[in-house]
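Architecture and fold: a report
Below, each chain spelled out in residue letters.
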Amino acid sequence: MGAAGEHDDAAERGTIVTPSAELPPLGTEERAALSRIGERWREPRDPDDLPVDPTLGRSGRPPRPTRFGRLVPIEMFTVEEPGELVASEPAHLPGSRAGRLLSRARRTLFGPPLSSASVLYERMRKLVALPVLSSDLLSSVAYGPEALVSVLVLAGSAALGLSLPLAALLVVLMVAVGLSYRQTIPAYPHGAGSYIVAGDNLGRTPGLAAAAGLMLDYVLTVSVSVAAGVHAVTSALPGLTPVTVPLGVLVIAVLLAGNLRGVRTAGNLFVLPTYAFVIAVLAVLVIGYARATGRGFAPVSPPPVPAAEGLGLLLVLRAFSSGAVSMTGIEAVSNAVPAFRPTEWRNARTTLGWMVAMLVTLFAGLVGLIHLDGLVPRPGETLLSQLGRVTFPTGPWYAFLQATTALILLLAANTAFNDFPRLLFFMARDGHAPRRFLHMGDRLAFSNGLIALSLSAAVVFVAFGGHTERLIPLYAVGVFLAFTLSQAGMVVHWRRHRGPGWHRRLALNAVGATLSALVLLTAAVAKFSEGAWVVVVAVPLLVLLFRRIHRHYATLHRALALHPPAPPGPARSAEGEELPQEVRHLVVVPVARLNRASLRALAYAASLGQPTLAVHIAPEEAEADRFREQWQAWGDHLRLETIVSPYRAVIGPLAHYLEALRSTRPELTLTVIVPEVVLRRRWHGPLHSRVEQRLRAALRALPGVVVTTVPVHVAE
């Protein structure tokens, strides 16, 4: 099936990840309004009549640095084509010494910044994408079989035989969901995340619910993976048990630093541990089944375990949903299609096929071998560790198994580090998440999303004390909610876009949706009291939050969108003007005392050639009279208004006075010019009241008021 025939509406909406997503283009109506505004625009002077050459091409001599060190050399910009400058790498360096030191430290830790054009090269080939995107999925076999057996053993040793039929049902679920996602990828070749698929086919609210489930899943992926990895370390080195929480937080910080270096660099770091873990587990399976062959596959009797609960349907369902955590991460490839090298959808589908085959082999093999060896969970040691001791009683292989298990569990969180920021990118593009998540950092990674994921996962990890068994009940609900909505969305997709073989594809996605919904319902009911209620409550709250964010951005867009110019009139607001000839100014200069800073602000205001008013706030009548005498001595060049503030407040009376001025003439634009003393050293700041900053904050809420400052630099 070719990608050209499977493009969906998502492709038209622009799901390709690009650094330009922060600056979306204007719509058709806004472009037409912009043209009409431009037709009425009258510039008072020639726009090319500038006192400097903005291309920096004909400057007489290079600028010299000032004592403030803030003048940028011309060499930091290059002229690529007429009317376009390109900032070179040195232009990104801050002017202060502390800023330059911090920049060098960032460069050492994360690497040099990458050009926006390099986004095409920050892609992964299949052999690198497989370990990067499958680390979460494959690592789950280290705790998924144990989660299944740990619930069954509550009914006693006799119930452990049910692990085989339950594992067979889970294998069917894995294959069905895997095949469903395989056909989702070419249908959405630019990224088939559950948020996009459910949103396009089921509506906004189901899409946001899928996004909420995925976000919780990614946060828990990091927390659970790190907790399981630390548990594997403490199983081999019990002396490290008291520092479980600090060790886990340190691992999250290391993962964050690795991913901030970029997708390709992070991928190269995680290739060897994943392949080493697969080799180690395959060695356990080969040797273990070879020994079982020698005894005719006769299972070893497990040690007697008294029953703590009765064997009933609810316990079996809990065991099934606990084992289903082995599927977390199966959607990672469909979310990260743009991270593959061309042809993206084809490489992603192939990689997903490899992942599902490896998952089925490792999961089914481990459950069968645990049953044959008669192993039961016990505190202080994982089942995989017990299996390693039985398989490798001597030699370094047990240590190799534990080391690779710990590494892949700790690095399995990297799948979430790949997909969580990308999910936030698509949500922010649609206005359902803060727009700061559209930004790509120095290394073309979504730095803000990575930091948000790390902080959230660290909080969850610390809150649950780094215990895997406490986190597992929260795990399945979110991810299977996303599975269910995504597959149900694909059912609607095939009904809308009927093509060759659409009945078969619809049936396959319907099976995946049905099985996922059963696991979702089972996990939500069976594990509700064990902690799943947190996810059940969190999902609708997150959906409500996303909708409120979207409402804010929609309001902001309506306020800032371009519209045809309205006819002038006295009732128009000053903030409705987009034409220079229709803007009416009143310049207001607050003056506390007549000194060099105040006189410079007054001179700047008068140079604009607009009506200017000076305002003085006096604490008492005597001071007001004294200031008017000084004003007369200066020459009374501008209109002065004095306001007596008997309660000695300055900001409040001035703000209310300006608001009263605007209420009388709402079409006026009030330009408030504030003198500001710029201090050389930061520690001098507490020695001054910084009234100009408080005034700016108070006036920011007033519509039609522009606040600007005239700086006076102090050399000391």
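Within any chain, residue numbers begin from 1 and follow the written order of that chain's sequence. Per-residue local features are limited, in this predicted model, to residues with pLDDT of at least 70; the limit for side-chain atom pairs, both in listing and counting, is 80 or more; totals at the level of whole chains, interfaces and linings are taken over all residues. Processing note: side-chain calculations cover all non-hydrogen atoms of the structure and skip hydrogens and water entirely.

1. Quick word on the overall build of the protein
The helix count covers DSSP runs of H or I at least four residues long, the strand count covers runs of E at least two residues long, and both are numbered beginning at the N terminus. Counting its secondary structure elements, the protein contains 26 helices and 7 strands. Out of the 716 residues in the protein, the part that is buried amounts to 49%. The long-range share in the protein, meaning contacts at least 24 apart out of those at least 6 apart in sequence, stands at 80%. By element, 62% of the accessible surface of the protein is carried by carbon and sulfur atoms, the whole surface being about 34,600 Å². Each residue's exposure class comes from its accessible area (1.4 Å probe, protein chains only) as a fraction of the maximum for that residue type: buried when under 20%, exposed when over 50%, partly exposed otherwise. It only takes one pair of heavy atoms within 4.5 Å for two residues to be counted as in contact. For accessible areas, the Shrake-Rupley method is used with a probe of radius 1.4 Å. Any residue's cover is judged against the shown protein chains and nothing else.

2. A look at the packing of aromatic side chains
For Phe, Tyr and Trp, where Trp contributes only its six-membered ring, two rings pair if their centres lie within 6.5 Å, and the inter-plane angle classes them as stacked under 30 degrees, edge-to-face over 60, or tilted in between. All chains considered together, the criterion is met by 8 aromatic pairs. Residues F425 and F426 carry aromatic rings whose centres are separated by 5.5 Å and whose planes lie at 70° to one another, so their mutual orientation is edge-to-face. Of the two residues, F425 and F426, neither departs from the other in class, the shared state being buried. Connected via pairs of aromatic rings, a cluster forms that spans Y181, F480 and F483. In this scheme, Lys NZ or Arg CZ marks a charge over a ring once it lies within 6 Å of the ring centre and within 35 degrees of the ring normal. Its end group placed over the ring of W494, R505 keeps NZ or CZ at 5.5 Å from the ring centre.

3. Here we look at the nonpolar core
Among the nonpolar cores identified, the biggest contains 152 residues, and V222, V226, M427 and F480 are the most heavily contacted of them. The element best represented in this core is helix α8 (residues 204–236), accounting for 19 residues. Ignoring sequence-local partners within four residues, the contact set of V226 consists of G248, V251, I252, L255, L409, L410 and F461. As used in this record, nonpolar core signifies buried Ala, Val, Leu, Ile, Met, Phe, Trp, Tyr and Cys residues forming a set joined through side-chain atoms within 4.5 Å. Counting 21 residues, the second largest nonpolar core, distinct from the first, contains I643, A655, Y657 and V672.

4. Some remarks on the environment of L179
With respect to the element layout, L179 can be found in helix α6 (residues 163–187). Taking the relative accessible area as the measure of exposure, L179 reaches 37% and is therefore partly exposed. For the pair L179 and L352, spaced 173 residues apart in the sequence, the C-alpha separation amounts to 8.9 Å.

5. Describing the pattern of salt bridges
Oppositely charged side chains may form a pair once their charged atoms are brought near each other. When a carboxyl oxygen of Asp or Glu is within 4 Å of a side-chain nitrogen of Lys or Arg, the pair counts as a salt bridge. Scanning all chains against the criterion turns up 8 salt bridges. Across the pair R295 and D373 runs a salt bridge whose closest N-O atoms are separated by 3.2 Å. With R295 in the loop between α11 (271–294) and α12 (313–323) and D373 in the loop between α14 (344–372) and α15 (383–391), this residue pair connects regions lying 78 residues apart in the sequence. In this structure, E381 engages R378 in a salt bridge whose closest nitrogen and oxygen atoms are separated by 2.7 Å. Overall, the relative accessible area of 45% leaves R378 in the partly exposed class. Overlapping salt bridges, with partners in common, bring together R378, E381 and R389 in one network.

6. Describing the sheet that holds strand β4 (residues 612–618)
Strand pairing is assigned whenever DSSP detects at least two bridges linking the two strands. Strand order across the open sheet formed by 5 strands is β5-β4-β3-β6-β7, with parallel pairing between neighbours. Of all strands in the sheet, those bounded by a partner on one side alone are β5 (639–644) and β7 (705–713). Between one strand axis and the next, the sheet turns through 25° on average, direction left out of account. Geometry is summarised by axes, namely lines fitted to C-alpha atoms with helices restricted to the contacting stretch, and by angles between N-to-C directions that run from 0 to 180 degrees. Lying over the sheet, helix α23 (residues 596–607) contacts β3 (584–590), β4, β6 (668–678) and β7, oriented at roughly 130° with respect to β7. Seen against the sheet, helix α24 (residues 621–634) touches β4 and β5 and runs at an angle of roughly 165° to β5.

7. Considerations on a positive patch on the surface
Here the term patch refers to residues with relative accessible area over 30% and no salt bridge, with like charges joined within 9 Å and nonpolar side chains (Val, Leu, Ile, Met, Phe, Trp, Tyr) within 5 Å. Charge counting treats Lys and Arg as positive and Asp and Glu as negative, with His and both chain ends excluded. By convention, the charge on Lys lies at NZ, on Arg at CZ, on Asp at CG and on Glu at CD. A contiguous patch of positive charge, built from R204, R547, R548 and R551, is present on the exposed surface. Looking at the positive patch, the element that brings in the most residues is helix α22 (residues 528–560), giving 3 residues. Relative to the elements of secondary structure, R548 occurs in helix α22.

8. Some details on unusual backbone geometry
One non-glycine residue, F297, lies in the positive phi region at around 55°. By the secondary structure assignment, F297 is in the loop between α11 and α12. Not every positive phi belongs to a glycine, and D636 is a case in point at roughly 50°. Within the secondary structure, D636 sits in the loop between α24 and β5. Accessibility expressed as a relative area gives 36% for D636, which makes it partly exposed.

9. Examining the packing of helix α4 (residues 126–139) against helix α17 (residues 413–429)
Where α4 contacts α17, the two axes come as close as 7 Å, and the packing angle between them is 115°. Like other packed secondary-structure pairs, α4 and α17 cross with a definite hand, here left-handed. Where α4 abuts α17, its residues V132, L133, S134, S135 and D136 lie against N414, T415 and N418. Two helices crossing with the near one rotated counterclockwise from the far one by less than a right angle form a left-handed crossing, whereas a clockwise rotation gives a right-handed crossing.

10. Structural notes on the side chain of T391
With respect to the secondary-structure elements, T391 resides in helix α15. Apart from residues lying up to four places away in sequence, T391 is in contact with V284, I287, G288 and R291.

11. Some points on the pairing of β5
In terms of strand pairing, β4 meets β5 through 6 bridges, oriented parallel. Within β5, the position partnered with H616 by the bridge is T642.

12. Let's talk about the packing of α4 against α11
A pair of packed helices is captured by two measures, namely the crossing angle of their axes and the spacing between those axes. The contact between α4 and α11 brings their axes to 9 Å, and the two run at 55°. As summarised for this structure, α4 and α11 are arranged oblique, according to the angle between their axes. In this structure, α4 crosses over α11, and the sense of that crossing is left-handed. Here L127, V128, L130, P131, S134, S135, L138 and S139 of α4 come into contact with α11, specifically with V271, T274, Y275, F277 and V278. Split into classes, the residues belonging to the contact of α4 with α11 amount to 9 nonpolar, 4 polar and no charged. Relative orientations are named as follows: roughly parallel for angles under 35 degrees, roughly antiparallel for angles over 145 degrees, roughly perpendicular for angles from 65 to 115 degrees, and oblique for any other angle. The residue classification treats Ala, Val, Leu, Ile, Met, Phe, Trp, Tyr, Cys and Pro as nonpolar and Asp, Glu, Lys and Arg as charged. All others, Gly included, are polar.

13. Notes on the environment of G203
By the element assignment, G203 lies in the loop between α7 (194–202) and α8. Taking the relative accessible area as the measure of exposure, G203 reaches 24% and is therefore partly exposed. Linking G203 and G489, residues 286 residues apart in sequence, is a C-alpha distance of 9.2 Å.

14. Let's talk about a nonpolar patch on the surface
A contiguous nonpolar surface patch, about 510 Å² in accessible area, is contributed by F528, W533, V534, V536, V537 and L541. Turning to its location among the elements, V537 is positioned in helix α22.

15. Notes on the confidence of the model for the protein
For the protein, per-residue confidence averages 79 on the pLDDT scale, and residues scoring 70 or more make up 78% of the total. This stretch, residues 1–15, has a pLDDT under 50; its non-local contacts, to residues over four places away or in other chains, come to 32 contacts. Per residue, pLDDT measures the predictor's confidence, with a range of 0 to 100.

16. Describing the environment of Y195
Assignment of secondary structure puts Y195 in helix α7. Using a relative accessible area of 7% as the deciding quantity, one classes Y195 as buried. In this structure the C-alpha to C-alpha distance between Y195 and A212, which are 17 residues apart in sequence, comes to 8.7 Å. Not counting residues up to four positions away in its chain, the partners in contact with Y195 are G207, L208, A210, A211, L214, L423, F426, M427, D430 and H432.

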